[in-house]
Amino acid sequence: MAIALAQSVSAGAPGADSTTTGSLTTTASGSTFLIAAHWQGGSTPPTISDSKSNTYTLIGSVRQVDNNGSFLSHIGLWYIENGTGGSSHTFTGAKSGGYTSVYAAEVTGGLTSGILDQNTGAALDASSPVTSGTITTTQAAELLIGFVGTFHAGSGPAYTANNSFTIAQQITDATNYWTGCLVSRVVASTGTYETDVSVTNLTQGAAIIASFKEDGGGGGGQPITKRLGGIPNMPRTIRRGYY
């Protein structure tokens, strides 16, 4: 199975300490789940969780979106590989006074162990496009995930994903929520890649990129040859699998 961002969901909760997304029906096992968050109140991140009791790991470090003393919002990206899924799967970010916006996604077709390849990010970007800095992938078939969080002193943003990325989820109501967008791209060759999103009405922003390895499914290698003798009408050589 080719690696893919299979489905995604997002949610904001104005004035709330905890934000939970709507539910997805996810694969029972074998998928990687991602949660991106944008919150206010400094660099201490929200508690990230889901309704399937998966334990999430922060990718890299959190990135500061704005230096307005009233907000000091930040973003982060978390993952769990080979997570537990199922029906009514929801995703939560909780921080007192954080007013967290949450973006979640299911990745299918990836490695169930060691899926994360490269990651980086950039903070306090005051001009459009908002970019993450570059990564160089180490495997040909990978899924690139980018997350951009933005701050707007006036009206909210319109986002345009560049570099052949596609927007999976976005929150653009700057009056009620911490805004941002989750973007993705599947690549078939190793190379240097970057999250790059054009943003209207931008005051400041930050961006993250991470790459995830496809499960090759055991292809390649040299065929194993097994010789059989003494069995009537049986071919002398058969091929079974790879090593």
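Think of each chain on its own: its residues are numbered from 1, step by step along the sequence as written. Per-residue local features are limited, in this predicted model, to residues with pLDDT of at least 70; the limit for side-chain atom pairs, both in listing and counting, is 80 or more; totals at the level of whole chains, interfaces and linings are taken over all residues. As a rule here, side-chain values cover all heavy atoms of the structure and leave hydrogens and water aside.

Some words on the pairing of strand β7 (residues 74-83)
Short version of the rule: For every residue, the accessible area obtained with a 1.4 Å probe (protein chains only) is divided by the maximum for its type, and the residue is called buried under 20%, exposed over 50%, and partly exposed between those limits. Only runs of H or I of at least four residues qualify as helices and only runs of E of at least two qualify as strands under DSSP, and these elements are numbered from the N terminus. The rule for pairing is simple: two strands pair if DSSP sees at least two bridges between them.
The buried fraction of β7 amounts to eight of the 10 residues, a majority that puts the element mostly inside the structure. Here eight bridges tie strand β3 (residues 31-39) to β7, and the two strands are oriented antiparallel to one another. Looking at β7, one finds that Ala-36 is bridged to Leu-77. Here two bridges tie strand β5 (residues 57-58) to β7, and the two strands are oriented antiparallel to one another. Of the residues in β7, the one forming a bridge with Leu-58 is Trp-78. In the sheet, strand β6 (residues 63-64) pairs with β7 via two bridges, with the strands oriented antiparallel. Following the sheet pairing, Arg-63 is matched in β7 by Ile-75.

Describing the environment of Arg-185
The condition is simple: Contacts between residues were defined by any pair of non-hydrogen atoms, one from each residue, lying within 4.5 Å.
The topology assignment puts Arg-185 in strand β15 (residues 179-187). Spatially, the C-alpha atom of Arg-185 lies 8.6 Å from that of Leu-5, the residues being 180 residues apart in sequence. If sequence neighbours within four positions are ignored, Arg-185 has contacts with Glu-142, Leu-143, Leu-144, Asn-163, Ser-164, Phe-165 and Tyr-193.

Considering the nonpolar core
Put simply, the rule is: Working definition of a nonpolar core: buried Ala, Val, Leu, Ile, Met, Phe, Trp, Tyr and Cys residues. They are joined through side-chain atoms within 4.5 Å.
Judged by nonpolar contacts, the single largest core of 24 residues is most densely connected at Leu-34, Leu-77, Ile-145, Leu-182 and Phe-212. Elements that contribute at least two residues to this core include exactly β3, β7, β9 (101-108), β12 (142-151) and β17 (204-213). Contact partners of Leu-34, with chain neighbours within four places excluded, come to Leu-77, Trp-78, Tyr-79, Tyr-103, Ala-104, Ala-105, Val-107, Ile-145 and Phe-212.

Some details on the sheet that holds strand β14 (residues 166-171)
Selection rule: Only the stretch in contact is used when fitting a helix axis, every axis being a line fitted to C-alpha atoms; angles between N-to-C directions are given from 0 to 180 degrees.
In space, the five strands of this open sheet follow the order β10-β17-β12-β15-β14, with antiparallel pairing throughout. The strands lining the two open edges of the sheet, one partner per strand, are β10 (116-125) and β14. Ignoring strand direction, the axes of neighbouring strands in this sheet form an average angle of 10°.

Brief notes about the sheet that holds strand β4 (residues 47-50)
Reading across the sheet, the three strands line up as β2-β8-β4 and stay open at both edges, with antiparallel pairing between neighbours. With partners counted over all chains shown, the strands left at the sheet margins are β2 (18-20) and β4, one partner each. Shown here is a sheet whose adjacent strand axes are inclined to one another by a mean of 15°, direction ignored. Where β2 meets strand β8 (residues 91-94), three bridges bridge the pair, whose relative direction is antiparallel. Across the sheet, residue Thr-20 finds its bridge partner in β8, namely Thr-92.

Here we look at the side chain of Asp-196
Our working definition: Charge counting treats Lys and Arg as positive and Asp and Glu as negative, with His and both chain ends excluded. A pairing counts as a salt bridge when a side-chain nitrogen of Lys or Arg comes within 4 Å of a carboxyl oxygen of Asp or Glu.
Tracing the sequence through the fold places Asp-196 in strand β16 (residues 192-199). For the buried Asp-196, no salt bridge is present, and the opposite-charge side chain at shortest range is Arg-185, 10 Å distant. The residues touching Asp-196, leaving out its near neighbours within four places in the chain, are Pro-129, Val-130, Thr-131, Thr-160, Ala-161, Asn-162 and Asn-163.

Some details on the environment of His-74
Operational definition: Pairs of N or O atoms within 3.5 Å make up the polar contacts considered here, provided that, within protein, one atom can donate a hydrogen while the other can accept it, and that residues adjacent in sequence are counted only when both atoms are side-chain atoms.
Positionally, His-74 belongs in strand β7. Taking the C-alpha atoms as reference points, His-74 and Thr-44, separated by 30 residues in sequence, lie 8.7 Å from one another. Apart from the residues within four sequence positions on either side, His-74 is in contact with Ala-37, His-38, Trp-39, Gly-42, Ser-43, Val-62, Arg-63, Gln-64 and Val-65. A distance of 3.3 Å separates a polar side-chain atom of His-74 from the backbone oxygen of Gly-42.

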